[in-house]
Amino acid sequence: MRKFIRKLGYIYGGVLISVFLLGCLYQIVFYSYINQRVELLKQAAEQIEVVQKYEHSEMKVKGYLQIEKKISFIVHTNDSPDIILNELNKQFERMGWTISKVDRNYYGFRAYNDNYGFIAGPIMKKSKITGKEEFENDWLVIFYYNNFFARSNI
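As the structure is a computational prediction, the values presented were derived from the model and not from experiment. (Residues numbered from 1 in each chain as written. Predicted model: local features only at pLDDT ≥ 70, side-chain atom pairs only at ≥ 80, totals over all residues. Heavy atoms only, no water.)

## Regarding the environment of Gly96
Moving on, step 1. With respect to the secondary-structure elements, Gly96 resides in the loop between α4 (81-94) and β4 (98-103).
Moving on, step 2. Separated by 17 residues in the primary sequence, Gly96 and Asn113 have C-alpha atoms spaced 7.7 Å apart. (Helix = DSSP H or I, 4+ residues; strand = E, 2+ residues; numbered from the N terminus.)

## Examining the environment of Tyr64
Moving on, step 1. Assignment of secondary structure puts Tyr64 in the loop between β2 (60-62) and β3 (70-76).
Moving on, step 2. Here Tyr64 is in contact with Gln27 and Lys69, once residues within four sequence places are set aside. (Contact = heavy atoms within 4.5 Å.)

## Let's talk about the pairing of β3
Moving on, step 1. Most of β3 sits inside the fold, with five of its seven residues counted as buried.
Moving on, step 2. Relative to β3, strand β1 (residues 55-56) runs antiparallel, the two being bridged by two bridges. Within the sheet, the bridge partner assigned to His56 lies in β3 and is Val75.
Moving on, step 3. Here β2 pairs with β3 via three bridges, running antiparallel. Counted as the bridge partner of Lys62 is Lys70 from β3.
Moving on, step 4. The sheet contact formed by β3 and strand β7 (residues 133-145) spans seven bridges and is antiparallel. Paired with Lys70 across the two strands is Tyr144, which belongs to β7. (Buried < 20%, exposed > 50% of the residue type's maximum accessible area, 1.4 Å probe, protein only. Pairing = 2+ DSSP bridges.)

## Concerning the nonpolar core
Moving on, step 1. One finds Leu88, Phe92, Phe118 and Phe143 to be the most contacted residues of the largest nonpolar core, which totals 26 residues.
Moving on, step 2. Mapped onto this core, the elements with two or more residues apiece are α2 (31-46), α3 (49-53), β3, α4, β5 (108-112), β6 (116-126) and β7.
Moving on, step 3. If we ignore the near neighbours within four places in the chain, the residues touching Phe143 are Leu41, Ala44, Ala45, Ile48, Lys70, Ile71, Trp97, Tyr116, Gly117 and Phe118. (Core = buried A, V, L, I, M, F, W, Y, C linked by side-chain atoms within 4.5 Å.)

## Remarks on the packing of aromatic side chains
Moving on, step 1. By the definition in use, this model includes nine aromatic pairs.
Moving on, step 2. Judged by centre distance (5.4 Å) and plane angle (40 degrees), the ring pair of Phe92 and Phe109 falls under tilted. With Phe92 in helix α4 and Phe109 in strand β5, this residue pair connects regions lying 17 residues apart in the sequence.
Moving on, step 3. Judged by its relative accessible area of 1%, Phe109 is buried.
Moving on, step 4. Ring centres 4.7 Å apart and planes at 40 degrees place the aromatic pair Phe92 and Phe118 in the tilted group. Separated by 26 residues along the polypeptide, Phe92 in helix α4 and Phe118 in strand β6 bring together distant segments of the chain.
Moving on, step 5. Taking the relative accessible area as the measure of exposure, Phe92 reaches 0% and is therefore buried. (Phe/Tyr/Trp six-rings, centres within 6.5 Å; stacked < 30°, edge-to-face > 60°.)

## Considerations on the pairing of β7
Moving on, step 1. The sheet contact formed by β6 and β7 spans 10 bridges and is antiparallel. Bridge pairing links Tyr116 to Tyr145 in β7.

## Some thoughts on a nonpolar patch on the surface
Moving on, step 1. Residues Leu22, Leu25, Ile28, Val29, Phe30 and Tyr33 make up a contiguous nonpolar surface patch of roughly 630 Å² in combined accessible area.
Moving on, step 2. Looking at the nonpolar patch element by element, the count peaks at four residues for helix α1 (residues 2-29).
Moving on, step 3. Here Phe30 shows up in the loop between α1 and α2. (Patch = residues over 30% accessible without salt bridge, like charges linked within 9 Å, V, L, I, M, F, W, Y side chains within 5 Å. Areas by Shrake-Rupley, 256 points an atom, 1.4 Å probe, with all protein chains shown as cover. Salt bridge = Lys/Arg side-chain N within 4 Å of Asp/Glu carboxyl O.)

## Description of the pattern of salt bridges
Moving on, step 1. Enumeration over the complete set of coordinates arrives at four salt bridges.
Moving on, step 2. Residue Lys42 is joined to Glu39 by a salt bridge in which the shortest nitrogen-to-oxygen separation is 3.9 Å. Placement of both Lys42 and Glu39 in helix α2 is noted, with a separation of three residues, approximately one turn of the helix.
Moving on, step 3. By relative accessible area, which is 40% here, Glu39 ends up partly exposed.
Moving on, step 4. Close ionic contact of Lys53 with Glu87 constitutes a salt bridge, the shortest N to O distance being 3.1 Å. Taken together, the residues Lys53 in helix α3 and Glu87 in helix α4 connect sequence positions 34 residues apart.
Moving on, step 5. Take Lys53: its relative accessible area is 54%, and that puts it in the exposed class.

If you want it as structure tokens, here you go:
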């Protein structure tokens, strides 16, 4: 039984190393294609009303070694999380997206359509006085292509 488990470990390790090496090769060979898709993703994110309405940080690429890239940025607001969550809900319903999560306790929001996925949530900060987590006026947004590689974090 131990020999079988050891062989299984070697096989699993070999598969992981192969996936890693093929991912690195993909990053090198298709560098311009990947950058083009990231730029198109940034342009699509700029079309969302909440992103247009509020000031936001620079859009950064997430997942440097992943096949499918995601972008993340921080949206700065002066409105309460309830107002932002209602805005997001109304806007994405109007655009025909499927809303998969609306968390009223932590104000998390997740929506997707056939092409893109959108995740937003307020940034929480621990209060030095009470020790409880409090909402800031900043929201972390992650925007990605809605495909197998992005959903699987590959």
